[in-house]
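What follows is the residue order along each chain.
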Amino acid sequence: MTVVESEIQRSMLETITKKFYAKREIRPGTQFENLVSIIISQNTNDKNTFKAIALLRKRVGIDPDSILSASKEEIIDCLRPAGLYNVKAPRIIELAKRVKEELGDSQKIEKMNQEEVSKFLSKIRGIGPKTVDVFMAFSKGADIVPVDTHVSRISKRLGITDNRDDYFKIRSKLERLLPAGRRVEAHLAIINFGRKVCIARSPKCPICPVERYCPSKGLFYPLK
Ligand code: SF4
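Residues numbered from 1 in each chain as written. Predicted model: local features only at pLDDT ≥ 70, side-chain atom pairs only at ≥ 80, totals over all residues.

On to the overall build of the protein chain, then. A tally of regular secondary structure across the protein chain gives 11 helices and zero strands. The principal-axis extent of the C-alpha atoms belonging to the protein chain is close to 65 × 30 × 30 Å. (Helix = DSSP H or I, 4+ residues; strand = E, 2+ residues; numbered from the N terminus.)

By domain assignment, the protein chain separates into domain 1 (3-22 + 146-207) and domain 2 (31-139). Computed over C-alpha atoms, the centres of domain 1 and domain 2 are 28 Å apart. Counting residues at the interface gives seven residues for domain 1 and five residues for domain 2. For the side of domain 1 that touches domain 2, the elements supplying multiple residues, two or more each, are helix 10 (167-177) and helix 11 (183-196). Here the side of domain 1 that touches domain 2 is built from residues that sort into five nonpolar, one polar and one charged. (Domains from an automatic or database assignment. Contact = placed C-beta atoms within 7 Å. Nonpolar A, V, L, I, M, F, W, Y, C, P; charged D, E, K, R; others polar.)

Counting through the fold element by element, Phe138 comes out in helix 8 (residues 129-139). Taking C-alpha positions, Phe138 is 8.7 Å from Asn34, a pair spaced 104 residues apart along the chain. Each residue touching Phe138, except ones within four places of it in the same chain, is listed here: Arg24, Ile26 and Arg27.

Direction vectors running N to C along helix 2 (residues 31-41) and helix 6 (residues 85-103) enclose 160°, while the axes themselves pass 9 Å from each other. Classified by the interaxial angle, the pair formed by helix 2 and helix 6 is roughly antiparallel. When the axes of helix 2 and helix 6 are compared, the crossing they make is right-handed. On helix 6, the residues touching Phe32, Leu35, Val36, Ile39 and Ile40 of helix 2 are Lys88, Arg91, Ile92, Leu95 and Val99. (Axes fitted to C-alpha atoms, helices over the stretch in contact; angles between N-to-C directions. Parallel < 35°, antiparallel > 145°, perpendicular 65-115°, else oblique. Left-handed = near helix turned anticlockwise from the far one by under 90°.)

This next bit is on the site of the ligand. By nearness alone, 14 residues border the ligand, and Cys198, Pro203, Cys205, Cys208 and Cys214 come closest of all. The class makeup of the residues in the shell around the ligand is nine nonpolar, one polar and four charged. (Near = placed C-beta within 6 Å.)

Ranked by internal contacts, the top residues of the largest apolar core, which has 53 residues, are Ile16, Leu79, Ile92 and Phe135. The contact partners of Phe135, leaving out residues within four places of it in the chain, are Asn34, Leu35, Ile38 and Val117. (Core = buried A, V, L, I, M, F, W, Y, C linked by C-beta atoms within 7 Å. Buried ≥ 20, exposed ≤ 12 C-beta atoms within 10 Å, placed from the backbone.)

The next point concerns the packing of helix 7 (residues 114-121) against helix 8. At a minimum axis distance of 10 Å, the contact between helix 7 and helix 8 shows a crossing angle of 145°. Every pair of crossing elements has a handedness; the one defined by helix 7 and helix 8 is right-handed. Contacts between helix 7 and helix 8 involve Gln114, Val117, Ser118 and Leu121 on the former and, on the latter, Thr131, Val132, Phe135 and Met136. Among the residues forming the contact of helix 7 with helix 8, the class breakdown is five nonpolar, three polar and no charged.

A few words on the environment of Ala70. Position of Ala70 among the secondary structure elements: in the loop between helix 4 (64-69) and helix 5 (72-79). Accessibility expressed as a C-beta count within 10 Å gives 19 for Ala70, which makes it partly exposed. For Ala70 and Ile199, which are 129 residues apart along the polypeptide, the C-alpha to C-alpha distance reads 41 Å. Residue contacts for Ala70: discarding those within four places in its chain leaves Val60 and Ile75.

Right under this line is the structure:
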């Protein structure tokens, strides 16, 4: 990678961050609740996530003791609006169990740093590095770029990463190009950009603000 290439990539990311800006909102509630809501939000939209969280809060309660006192079937029933409830319910139960067994008190999560959170959560099936990073970014205010499907696709299309790069490589390549303190903003902006312009199946290259420098332009629409 030449200096000019990396400057072009930096500039494309800056343009996307400015034009598709979204403010980071630190999630309300306890950090245990935040973790539960991140699990519920996997593979679904905000509306369905909120419905499932509201049901779980009303019928069961969102703290380790309430989760462990409820039956699995009841938790599954609350999670129905968010889909994948047979997968998400055992993850939430396992999270509650581990918090009780290993930490004793869910308040201890509030004091954990990134390394401790990552070590603790990585033992729970179905909780990967993206979940940890989303939690760190939106519950603990960390300056990182969680790599979701939009971030991964767009970083490839912009030529920043390639198919051989794993989660951590993609994240570190992006973080090298993004100014400190603005990485979560960039994450949110890339998601907006991926929903509105650089769409997975039909990117709108002719209206894209970084089309001039994007190495993938023209792969998705016929050039005149
Ligand atoms: S030019 Fe096309 S492929 Fe490149 S970033 Fe823009 S929309 Fe995506």
